[in-house]
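An overview of the molecular structure
Spelled out from the first residue to the last, the chains are:
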Amino acid sequence: MLSPFERMRFMATSNQPGVAALDRRRGFLTKTIALAVGAVAYLAPAAAGIRAFLNPLRQKGSAGRSFRLASLGELDAVPRKFAIVADRVDAWNRFPNEPVGAVYLRRREDGQVEAHQVVCPHAGCSVQFDAAEGRFLCPCHLASYDISGKRLGETSPAPRDMDRLEVEIRDQDQVWVQFANFRTGTPEKIPEA
Ligand code: FES
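The following paragraphs examine the structure supplied in this document. (Residues numbered from 1 in each chain as written. Predicted model: local features only at pLDDT ≥ 70, side-chain atom pairs only at ≥ 80, totals over all residues. Heavy atoms only, no water.)

Of regular secondary structure, the chain possesses one helix and ten strands. For the chain, the succession of helices and strands along the chain, N to C, is α-β-β-β-β-β-β-β-β-β-β. For the chain, the proportion of its 193 residues judged to be buried stands at 25%. Within the chain, contacts between residues at least 6 apart in sequence are counted, and of these 50% link residues at least 24 apart. A total of about 12,800 Å² of accessible surface is found on the chain, and carbon and sulfur atoms cover 57% of it. (Helix = DSSP H or I, 4+ residues; strand = E, 2+ residues; numbered from the N terminus. Buried < 20%, exposed > 50% of the residue type's maximum accessible area, 1.4 Å probe, protein only. Contact = heavy atoms within 4.5 Å. Areas by Shrake-Rupley, 256 points an atom, 1.4 Å probe, with all protein chains shown as cover.)

Set out below in structure tokens:
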């Protein structure tokens, strides 16, 4: 039979492993939280830095700019392809005077100049003009367009007509085109940055 004092000592002693385990768990939890907070504090600025570093890769540089592509005398009713030449910039380098896109130009019967992006709005292949057929044809999934860039066929894979670009005549006969790229695969014509 234990005295009350001995019983208390026995209980205190028998409880010690449980207290130690609890302390260990608390210590582990505290360290884990500290590590997680530290990781977030370190990774957030690092992620922002990586984003800023890679940002130039997404810059097109030439979108929205106007380019002089031809004089009126060079154009007739048959579409002709003209390269867009500009400085191409990536994250680390600048490449001067590189082809960054292309445009079809033609002069309609009423004298107006039409400009179309060569990029197929379906999935981004380069549309070709088939002079024998008098229409545009995309070699990738066979979307076809009439000479004014309008989609042909009931089951065309293309979600919209070819993308028309703004044309401006300067100095009486110089043909300037406002170049732009557009999102592919959407019925709407959405310019890309
Ligand atoms: Fe032109 Fe698919 S990319 S039809």
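More follows now that the structure is in view.
To continue, consider the packing of aromatic side chains. One pass over the full model with this rule turns up three aromatic pairs. Between the aromatic rings of Phe67 and Phe179, the centroid separation amounts to 6.4 Å while the plane-to-plane angle is 90°, which identifies the pairing as edge-to-face. With Phe67 in strand E1 (residues 66-71) and Phe179 in the segment after strand E10 (174-178), the pair connects residues that are 112 residues apart, well separated along the chain. Both residues of the pair, Phe67 and Phe179, belong to the buried class. Members of the aromatic cluster, joined through ring pairs, are Tyr104, Phe129 and Phe136. Stacked on the ring of Trp176, the Lys or Arg Arg170 has its end atom at 4.0 Å from the ring centre. (Phe/Tyr/Trp six-rings, centres within 6.5 Å; stacked < 30°, edge-to-face > 60°. Lys NZ or Arg CZ within 6 Å of the ring centre and 35° of its normal.)

Turning our attention to unusual backbone geometry. Positive phi is not limited to glycine here, since Asp171 has a value of about 50°. In this structure, Gln172 is a non-glycine residue whose phi angle is positive, near 75°. Tracing the chain through its elements places Gln172 in the loop between strand E9 (164-170) and E10. Classification of Gln172 as exposed rests on a relative accessible area of 77%.

Two strands pair when backbone bridges link them, and E1 and E10 are joined in this way by five bridges, in the antiparallel orientation. For Phe67, the partnering residue across the bridge sits in E10 and is Val177. As consecutive antiparallel partners, E9 and E10 are separated by three residues, and within that stretch Asp171 has a phi angle of approximately 50°, a positive value. (Pairing = 2+ DSSP bridges.)

With that settled, consider the sheet that holds strand E6 (residues 135-137). Taken in spatial order, the four strands of this open sheet run E5-E6-E7-E8, and their pairing is antiparallel. With partners counted over all chains shown, the strands left at the sheet margins are strand E5 (128-130) and strand E8 (151-152), one partner each. Where E6 and strand E7 (residues 144-145) come together, two bridges link them in antiparallel fashion. Across the sheet, the residue bridging to Phe136 is Tyr145, located in E7.

Let us now look at the side chain of Thr186. Tracing the chain through its elements places Thr186 in the segment after E10. Look at Thr186 and you get buried, because its relative accessible area is 15%. A distance of 2.8 Å separates a polar atom in the side chain of Thr186 from the backbone oxygen of Glu188. Among residues more than four places away in sequence, those in contact with Thr186 are Pro159 and Arg160. (Polar contact = N/O pair within 3.5 Å; in protein donor to acceptor, adjacent residues only side chain to side chain.)

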